[in-house]
Amino acid sequence: MGRGRSRPGVRAGAPRSARSPSAVSAAWRGSPRTSRDVARLAGVSHTAVSFVFNGRADGNLSPATQERIREAAARLGYRPDPVARGLRRRRTAVIGLITDEIAASPFAGRLLRGAMETAWDSDHLVLTVDSGGDPAKEDAAVAELLDRRVDGIIYAAMSLRRVRVPEGLHRVHSVLANCLPEDGSLPAVIPAERAGGRTAARLLLEAGHRRVALVGGQDDIASVERLRGFRDALRAAGITVPKEWVVRTGGEISGGHEGAARLLDGTVPQHRPTGIFCYNDRVAAGVLHAATRLGIAVPGELSVVGYDDQEHMAAFLTPALTTVALPHRAMGEAATRLLLDAIDTGRTPPATVRRLACPVVSRASVGPAPTR
């Protein structure tokens, strides 16, 4: 090391150039900005600039030197080449996201926003593929993403279910969102559906309701777990739900209308439920429609709780629907953080299941239980 030279970038002195900003701009006008240009303007070595833009500055450069390099880069409009940087680090700063029905699901946007914004905050982009639920397309999508050398892959389903793990997914860091692997081989982030069912039942119990029914759903994972949670809360309160008050009619508006008609039509107020927990918000819309047709006031005579907090629907029903929200955005965020942690550490996360809370969204469809 020659006399007067410091260790590269560790304790750099004053900038070598004292030219004014206008002179600097003129000097570089019309030519591509490089890291060596930044080094000359900041008065540091080229290695010091590399440290800053390759994430190795802490411990090698003082905070003042780091700031001077960033200011020089901003003045020049310099941005590091992400491809070259990725080749050096053996990373691309891109993660893949494969899902079964982006176009059809009202919840896809929330999950995607959560994933994309979390990735962006960590200087990653998300490359999204909609498979349409076709296993062959899923396998092809994984292969394509691997060819593009993505750093990791999120596989997301728009309804909670067990899924076949696409071929090739184990060759890269991978996390599932809103679904569970059939073979238990990958980590997953899903809603806490059973706890959500307990939450919905407690909303009605805390309003004084003791005659409570459930409408909608089938034999899928979400339906089973929500019913278990619903029964948990009622059992803890010493309440047994009559078998005929659990009406499985699917997940659409028509199913909600059909189920509510069975429970409410032709029964005297003293013998019908005063609160109904609905499998989802579409079912709740059908229940509200049936109540209106039968002249039953909501929430004066009947309280209704939905599930999902479906955008452009729950808040616009009459009355506006109190519901338990599915945490789609939070699932996108959590799955992305889990994946980025695995990428950063190089360690495969354990194949565990993380369940996220389903928060209450209170509106106008729940009121005190009628006294009669």
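Everything here concerns the structure above.
Rules of the game
Residues numbered from 1 in each chain as written. Predicted model: local features only at pLDDT ≥ 70, side-chain atom pairs only at ≥ 80, totals over all residues. Heavy atoms only, no water. 1 Å grid on protein atoms, 1.4 Å probe; cavity = no way out; pocket = protein on both sides within 12 Å on 5 of 7 lines; lining within 4 Å. Points joined across faces, edges and corners; volume = space filled by probe spheres on them. Helix = DSSP H or I, 4+ residues; strand = E, 2+ residues; numbered from the N terminus. Nonpolar A, V, L, I, M, F, W, Y, C, P; charged D, E, K, R; others polar. Expected span 1.5 Å × (residues − 1). Buried < 20%, exposed > 50% of the residue type's maximum accessible area, 1.4 Å probe, protein only. Arc of directions from axis to C-beta. Contact = heavy atoms within 4.5 Å.

*Asks:* I'd like a rundown of empty space enclosed by the protein, residues and numbers included.
*Replies:* Counting across every chain of the model gives 2 cavities of 30 Å³ or more. The calculated volume of the second largest cavity comes to roughly 40 Å³. If you trace the second largest cavity, you find it lined by Leu214, Ser223, Arg226, Leu227, Arg248, Phe277, Cys278 and Tyr279. Within the residue set of the lining of the second largest cavity, elements represented by two or more residues are α9 (221–236) and β10 (275–278). The element contributing the most residues to the lining of the second largest cavity is α9, with 3 residues. Residue classes in the lining of the second largest cavity are distributed as 5 nonpolar, 1 polar and 2 charged.

*Asks:* Residues and numbers for helix α10 (residues 253–264), please.
*Replies:* Over its 12 residues, α10 runs 16 Å from end to end, which matches the ideal 16 Å to within 8%, given 1.5 Å per residue. Those residues of α10 lying buried are Gly255, Gly256, Gly259, Ala260, Leu263 and Leu264. Relative to the axis of α10, the buried residues are bounded by an arc of 140 degrees and lie together on one face. Residues of α10 that are exposed and point more than 90 degrees away from the buried face comprise Ser254 and Arg262. The inward-facing, buried residues of α10 abut β8 (212–215), β9 (246–247), β10 and α11 (281–293). Following α10 by one or two positions, Gly266 has its phi on the positive side, about 80 degrees.

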